[in-house]
Structures are given as structure tokens and as C-alpha cells.
Amino acid sequence: MFAITQVSHLLLDDLSWEGAGEAALVLLVVWWAWNYTTWVTNELDPDSPVVCLLLIGIMLATLLMAVAIPDAFGSKGLLFACSYVAIQVGRHMFLTFMSARPGTIERERAAHILIWFFAAGTFWISGALVEDEARAALWLVALTIDYLAPIFLYRVPGRPQLAPETWDVETAHFAERFQLFVIIALGESIVLTGATTSDLDIDAARLTALALAFAGSAALWWLYFDYVAPIAQRRLELAQNRTVLARDGYTYLHVLLIAGIIVWAVGDELVIAHPTDVLPAAEVVALVAGPAIYLLGHVLFRLRMAVTLSWKRLTGALACLALGALGTVAPGIVLAALLVAVLVGVIIAERVAEARRSARGEPSPRERLESSVGSG
């Protein structure tokens, strides 16, 4: 996804705390636009010509939003804000007045969400018309409204309150779409590092840095798809309050995984550019923060989906942060190698624990889940 690459470049161009805050806000906007489209397409007929036209319009607005990302806090702020508001308001105007029949819960639900989007949209557009701190403040208000809306189930004074059961989550396709976004983000990170390397002189150190970047991305993929994704999808299928679980685990927590992948890609670019140099402090922070955020996202995701704590992944996240202390003496390529070693170490530790559990005749987490359902 082009927007993911744009967020990576936005962060890479300014590794200050202000730059990180701006990149985080933009990522949350991109994520929110995509997330709502996923929820909507989960219930619409993708073969309908009208729905296809709606999705084409959303894709065009998303492209315009992505084009504006590098200068969203500058001269292209209005294009960025208007594109985002057009996606959110336009989609739910279609749902309210064209897709849903009058008097149905579908129309009532879409109307509630549309009202919240209009409320946030006033702050998005107002923020785009001012500059600097005023823009950031207004956009933070708008983002807060957007992200609080699902928590309050889009409550609107004077209108019937919606219940979680108002939404019907078709789990297989729903979870797969979020898994696909993870794959896209990982793919973009690999493309980004490849493009960076192709523009530089190639030597042994740079090739090693590229190999480490690929190995790290492969480890991130393994950590999610070998264990987390299938278990989480099955728990969602069996959940009694599926809507709330999907909202918390996928809508809110998956953005941490995407953020970790993006920051990891930025760290890879920095190491590939200067593999044998001791990196500046800001670059070291970016390098170690990527895998730490990703692993922490996994810890929170498991805690919400399974109500258990992944000590191995939490230890891995803390180990990544601790490696930042070596940034003042170790060259970038050494730090990158140690971070990959931490990721691989987490994978091996989980595999060893699984083998020991199997040797003792204990069921796997998936088997325990199925067994609990059967006994219930």
C-alpha cells in the first residue's frame, strides 16, 4: 500500500519526537480509513456494481490522501484532510441513504456513525485551514473523536442506543483482511529496503545489512502467521461478544503491529545507509523501537483475545529496548544483528516450549480452545 510507504518516508525525513508524533497521527488516519472500509465490505456484496463504484471512489480518495502525506502538516494539509473526510463521510452517506432501507437497523447504525464522522470532520477541515500547533491541536481533537466513537458504540443523544449485536462480524473474511494488511505492510518494508539498497554502492557490509533486514521481516511474519493469526481467528469465531472482541483486537490493537513494521523498515533503511557507523541517538531509538512495538502489540493482542500474557514476547520487547544502550558503541549492523537474534530467539523459545508441552502429553493452545468449546 502506497500510504504505508509514505508514512515510512515521513518518519524517515524527521526522526525528532515531533516528526514521530506527526507520523503516528498520519498512520492512525490511514489505518482508520482502511479499518472502516474493512468493516463495511464485510457486510456488503462485493459483486454489486454499485458497491464496486463505491470502492473505486474510496481508492481514488485514498490515493489522494497518500499523495498528501509527506506535506500533510504543510501545504497539502487541506488535500489530506478533505480526502480522509470524503472517504469516511462519503462511505457512510452511501450506507445511510442508498444501501440500507428506511426503518432498518442497518440505516440507523450507518446514520449514527455518519453523525460521528461529521463531528470529527469539522475538526479535520478546520485544522487543515490553520497552521502549525493549531492544526496539530485540532487534528488531535478530530482523531480523538474518531477513535472514541466505537468505544461509545456511536451513541447519539435523542436516538436509540446501539448494541454490539447490531454488527454481524463474518469472522473468516474479517480476520483475513487484517492479516492481509500485515502482509502488505511487511511487503512494503521489504520493497523499501530493496529500493534503498539499489540506490547505494554495494559492498559486503551493505549486503549483510540487507540480508538482516530481510531476515528480520521474515521473523516478524513468522511470529504473526505461524501462531497468532490462526488462534486469534478461531477465538473470534467462538466468542460470544464477537463485535467487541473484533473491535478491540483488530480495530485498535492491530495498528500497533503495523506501526512496529513501519518503524522496523525505517530502522532497516538507516542501517543499510550506514552499516558500519555508530548511529545517532534518534536513529538508534528508531532501530530498536520497531521490533519492540511489534512484540508489545502481540502481547496486548494475546492478552485481549486469550486473556493470557505472553512472557516470551514481552521479554523479547524489553530485550530490544535494552539493546538501545549499545547504540553509543556498536555500529548499526551489529545492533540489527542482535535485534534479529532476539526475534529468532523468541521464535525458538516458543517452539521449544511447544515441543516440551507435546512431550508431556499436554494439549496445544488450539487444542485447549477446541476442547473448552466441546466441553462447554
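Keep in mind that what you see is a predicted model, and the values were worked out from it rather than measured.

**Student:** Provide a residue-level description of the overall build of the protein, including the pertinent values.
**Tutor:** Per the secondary structure count, the protein includes 14 helices and zero strands. For the protein, the α and β elements follow one another from N to C terminus as α-α-α-α-α-α-α-α-α-α-α-α-α-α. For the protein, the C-alpha atoms occupy an extent of roughly 65 × 60 × 35 Å along the three principal directions. Among the 376 residues that make up the protein, the fraction classed as buried is 50%. For the protein, contacts bridging at least 24 residues in sequence account for 76% of all contacts bridging at least 6. A total of about 17,000 Å² of accessible surface is found on the protein, and carbon and sulfur atoms cover 66% of it. Side chains of the protein give 24 positive and 34 negative charges; the mean places of these two sets differ by 12 Å.

**Student:** Explain the side chain of Glu269 to me, and be specific about the residues and the numbers.
**Tutor:** When you line up the elements, Glu269 lands in helix α10 (residues 254-273). Among buried charged residues, Glu269 stands out as having no salt bridge; its nearest opposite-charge side chain is Arg206, 11 Å away. Of the polar contacts made by the side chain of Glu269, one reaches the side chain of Thr196; its length is 2.5 Å.

**Student:** Go over the pattern of salt bridges with me, naming the residues and quoting the values.
**Tutor:** Evaluated as defined, the whole model comprises seven salt bridges. Across the salt bridge formed by Asp226 and Arg351, the nearest N and O atoms sit 3.0 Å from each other. With Asp226 in helix α8 (residues 204-238) and Arg351 in helix α13 (residues 332-359), this pair connects stretches of sequence that are 125 residues apart. On the basis of relative accessibility, which here comes to 44%, the residue Arg351 falls in the partly exposed class. Among the ionic pairs, Glu354 bridges to Arg357, the shortest N-O distance being 2.2 Å. On the criterion of helical spacing, the pair formed by Glu354 and Arg357 is a turn pair, its members being three residues apart in helix α13. Look at the salt bridges and you will find they share partners, linking Arg247, Asp248 and Arg304 into a network.

**Student:** Before we move on, could you go through a nonpolar patch on the surface and cite the residues and values that matter?
**Tutor:** A contiguous nonpolar patch, built from Phe2, Leu60, Leu63, Leu64, Val67 and Leu79 and spanning about 500 Å² of accessible area, is present on the exposed surface. Here Leu63 is to be found in helix α3 (residues 49-68). Accessibility expressed as a relative area gives 46% for Leu63, which makes it partly exposed.

**Student:** With reference to specific residues and values, describe the packing of helix α12 (residues 311-322) against α13.
**Tutor:** Viewed as axis vectors pointing N to C, α12 and α13 meet at an angle of 165°, and their least axial separation amounts to 10 Å. Here α12 lies roughly antiparallel to α13, going by the angle between them. Handedness of the crossing formed by α12 with α13: right-handed. Mapping the contact onto sequence places Lys312, Arg313, Gly316, Ala319 and Cys320 in α12 and Leu339, Val342, Val346, Ala349, Glu350 and Ala353 in α13. A breakdown of the residues in the contact of α12 with α13 according to their chemical character gives seven nonpolar, one polar and three charged.

**Student:** Can you tell me about the packing of aromatic side chains, naming the residues and giving the values?
**Tutor:** This model, assessed by the stated rule, comprises 22 aromatic pairs. Between Tyr250 and Phe301, the ring centres sit 5.5 Å apart and the planes meet at 80°, which makes this aromatic pair edge-to-face. Here the residue Tyr250 occupies a position in helix α9 (residues 242-252), and Phe301 occupies one in helix α11 (residues 281-306), the gap between them amounting to 51 residues. Side by side, Tyr250 and Phe301 carry an identical accessibility label, which is buried. Each residue in the set Trp31, Trp34, Trp39, Phe174, Phe178, Phe181, Tyr250 and Phe301 is aromatic and connected to the rest through ring pairs, giving one cluster.

**Student:** Before we move on, can you summarise the nonpolar core with the specific residues and values?
**Tutor:** If you look at the biggest cluster of nonpolar residues, it comprises 116 residues, and the most contacted ones within it are Trp31, Ile69, Phe80, Trp124, Tyr250 and Ile258. Ranked by residue count, the leading element in this core is helix α2 (residues 17-41), at 13 residues. Not counting the four nearest positions on each side in its chain, Tyr250 is found in contact with Trp31, Phe174, Ala175, Phe178, Ala232, Gln233, Leu236, Leu245, Phe301 and Met305.

**Student:** Which residues make up the confidence of the model for the protein, and what values do they have?
**Tutor:** Looking at the protein, the pLDDT average stands at 90 and 95% of residues meet or exceed 70. Mean pLDDT across the elements of the protein bottoms out in helix α14 (residues 365-375) (59) and peaks in α12 (97).

**Student:** A description of the environment of Ile4 should follow, citing residues and the corresponding values.
**Tutor:** Here Ile4 shows up in helix α1 (residues 2-13). Expressed as a C-alpha distance, the spacing of Ile4 and Ile184, which sit 180 residues apart in the sequence, is 8.8 Å. With near-sequence residues (within four places) excluded, Ile4 lies in contact with Leu27, Phe181, Glu188, Ile258 and Ile262.

**Student:** With reference to specific residues and values, describe α9.
**Tutor:** Extensive coverage of α9 is indicated by the burial of 10 of its 11 residues. Residues Thr243, Val244, Leu245, Ala246, Arg247, Asp248, Gly249, Tyr250, Thr251 and Tyr252 constitute the buried set of α9.

What counts and how
- Residues numbered from 1 in each chain as written.
- Predicted model: local features only at pLDDT ≥ 70, side-chain atom pairs only at ≥ 80, totals over all residues.
- Heavy atoms only, no water.
- Helix = DSSP H or I, 4+ residues; strand = E, 2+ residues; numbered from the N terminus.
- Buried < 20%, exposed > 50% of the residue type's maximum accessible area, 1.4 Å probe, protein only.
- Contact = heavy atoms within 4.5 Å.
- Areas by Shrake-Rupley, 256 points an atom, 1.4 Å probe, with all protein chains shown as cover.
- Lys, Arg positive; Asp, Glu negative; His and termini not counted.
- Charge placed at Lys NZ, Arg CZ, Asp CG, Glu CD.
- Salt bridge = Lys/Arg side-chain N within 4 Å of Asp/Glu carboxyl O.
- Polar contact = N/O pair within 3.5 Å; in protein donor to acceptor, adjacent residues only side chain to side chain.
- Patch = residues over 30% accessible without salt bridge, like charges linked within 9 Å, V, L, I, M, F, W, Y side chains within 5 Å.
- Axes fitted to C-alpha atoms, helices over the stretch in contact; angles between N-to-C directions.
- Parallel < 35°, antiparallel > 145°, perpendicular 65-115°, else oblique.
- Left-handed = near helix turned anticlockwise from the far one by under 90°.
- Nonpolar A, V, L, I, M, F, W, Y, C, P; charged D, E, K, R; others polar.
- Phe/Tyr/Trp six-rings, centres within 6.5 Å; stacked < 30°, edge-to-face > 60°.
- Core = buried A, V, L, I, M, F, W, Y, C linked by side-chain atoms within 4.5 Å.
- pLDDT = per-residue confidence, 0-100.

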